[in-house]
Amino acid sequence: MVWVGLSFGLLGGLMAGCSSTGYLWQSVRGHIGILQAARPVDAVLADPQSSPNLQDRLRLTQQIRAFAVSNLALPDNASYRRYADLGRSAAVWNVVAASELSLTLTTSCFPVVGCVGYRGFFQREQADAYAQTLRDQGLDVMVYGVPAYSTLGRLPGAYFADPLLNTFINNTPADLAKLIFHELAHQVAFAAGDTVFNESFATAVERLGVQRWLNTQEDASFRLDFERLEQQRAEFYALTMRFRTDLALVFQQSISEPEKRQRKVQLYADMRAEYRRIKTERWGGYAGYDRWFERANNASLAVLAAYNTQVPAFESLFERCDRDFPRFYTEVRRLAALPKGERDTVLAQ
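Residues numbered from 1 in each chain as written. Predicted model: local features only at pLDDT ≥ 70, side-chain atom pairs only at ≥ 80, totals over all residues. Heavy atoms only, no water.

The name given to the chain in an unreviewed UniProt entry is Putative aminopeptidase, and the organism recorded there is Leptothrix ochracea L12.

Structure (structure tokens):
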């Protein structure tokens, strides 16, 4: 699965420092490197060295960007008006971890953004090295590439605005729209230290937004590709969350740790077997999730849940706001200002 993620740990380092000087330095250097590589979209379009495919994709992003403002009431600023080719497959690599008998992510705490369940690194080697230190502590660990991250629109000026990147420019049109809507949504509302709230809200906006955007597109293939992939994503999510629930029940039982480990191994084996059946019988052999299931562990299940857990609540809230985005955002910002316990209670209702 391609996860559209936020490396808020990076922003925490950029804004106010981190306990690790090395982590702070790689954060600052990596982010500045992206900014230095970015050029205005108009300049890239006018460059004879730009490929026709890149030019077409950039024009599409600007159409999507304009739609985000005019139809979704998302911020009209310098974000995604520049483009950078990083020469690599991901903007950052996130590292997530969970205890071997838990589905709760371990957290790192930073100024501004609070405590988050992942750390981001601009170099894969550094991410792998940090991941190994966590594995040495007996944790379940996952490292995954992130195509984009958000600075929440808090850094001043066009130079510091989040750019378009080669890491996602060739996504399907619908996925490209989803990513831009998702990242811009993080600039609308943010609750410090509440990854589930932040990611679920942005995911809800991307889903609601892409449906509106697709309704304006004349190319029917955009919707057909989207519907096929969304059906697979829905089945993937249903499968993984079902086994996540089963695992959580095992971890809560009053049985010995060796027995919990044994049941954990069996559940992961059952999940992979079920995936292979769905892949063969329903997806025509589509292998896009193979890598995820090969590496699946407590950490990967935990971070997957963070992006989706409260999405139905936000979609319901959108309906109660008469599908009006400005009203919806006002209510979400009100919720973001509440204490987490009160915020969760409201969303659960």
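On we go.
Just checking my understanding: could you explain the sheet that holds strand E1 (residues 39-40) for this structure?
Pairing in this open sheet of 3 strands is mixed, and the strands run E1-E2-E8 from one edge to the other. Looking along the sheet, the strands with just one partner apiece sit at the ends: E1 and strand E8 (164-165). Looking at chain direction, E1 and strand E2 (residues 82-84) are connected through 2 bridges and run antiparallel. Bridged to Pro40 within E2 is Arg82. (Pairing = 2+ DSSP bridges. Helix = DSSP H or I, 4+ residues; strand = E, 2+ residues; numbered from the N terminus.)

How do you make sense of the pairing of strand E7 (residues 140-146) when you look at a structure like this?
In the case of a regular strand, side chains alternate between the two sheet surfaces. The buried fraction of E7 amounts to 6 of the 7 residues, a majority that puts the element mostly inside the structure. Direction of pairing for strand E3 (residues 92-98) relative to E7: antiparallel, over a ladder of 7 bridges. Within E7, the position partnered with Ala98 by the bridge is Asp140. (Buried < 20%, exposed > 50% of the residue type's maximum accessible area, 1.4 Å probe, protein only.)

Please clarify how the environment of Gln310 should be interpreted in this entry.
Along the chain, the position of Gln310 falls in the loop between helix H11 (298-306) and helix H12 (311-320). By relative accessible area, which is 11% here, Gln310 ends up buried. Gln310 has contacts with Val196, Phe197, Ser200, Asp344 and Leu347, leaving out every residue within four places of it along the chain. (Contact = heavy atoms within 4.5 Å.)

Whenever I open this one, helix H13 (residues 325-336) confuses me. Can you help?
Spacing of three or four residues puts side chains on the same side of an α-helix, whose turn is 3.6 residues. For H13, spanning 12 residues, the distance from its first C-alpha to its last is 16 Å, which sits close to the expected 16 Å at 1.5 Å a residue. Buried residues of H13: Phe325, Phe328, Tyr329, Val332, Leu335 and Ala336, and no others. Projection of H13 onto a plane perpendicular to its axis shows the buried side chains occupying an angular sector of 120°, all on one side. On its buried face, H13 sits against helix H4 (52-72), helix H7 (195-214), H12 and helix H14 (340-348). (Expected span 1.5 Å × (residues − 1). Arc of directions from axis to C-beta.)

Please explain the layout of surface pockets as it appears in this structure.
Rolled over the atoms, a probe as big as a water molecule pinpoints where empty space is left. By volume, the second largest pocket is sized at about 430 Å³. As for the second largest pocket, its lining consists of 19 residues, and the residues nearest its centre are Thr104, Thr195, Val196, Ala306 and Lys340. Examining the composition of the lining of the second largest pocket, we find that 3 residues originate from one element, H11, more than from any other. (1 Å grid on protein atoms, 1.4 Å probe; cavity = no way out; pocket = protein on both sides within 12 Å on 5 of 7 lines; lining within 4 Å. Points joined across faces, edges and corners; volume = space filled by probe spheres on them.)

Would you mind showing me how to read the packing of helix H6 (residues 173-185) against H7 here?
How two helices sit against one another is set out by the angle between their axes and by the gap between those axes. Axis separation between H6 and H7 bottoms out at 8 Å; the angle between their running directions is 135°. Comparing their axes, H7 and H6 come out oblique. Remark: the crossing between H6 and H7 carries right-handed chirality. Residues Pro173, Ala174, Ala177, Lys178, Phe181, His182 and Ala185 of H6 form the contact with H7, whose participating residues are Glu199, Phe201, Ala202, Thr203, Val205, Glu206, Gly209, Val210, Trp213 and Leu214. Taken together, the residues that form the contact of H6 with H7 break down as 11 nonpolar, 3 polar and 3 charged. (Axes fitted to C-alpha atoms, helices over the stretch in contact; angles between N-to-C directions. Parallel < 35°, antiparallel > 145°, perpendicular 65-115°, else oblique. Left-handed = near helix turned anticlockwise from the far one by under 90°. Nonpolar A, V, L, I, M, F, W, Y, C, P; charged D, E, K, R; others polar.)

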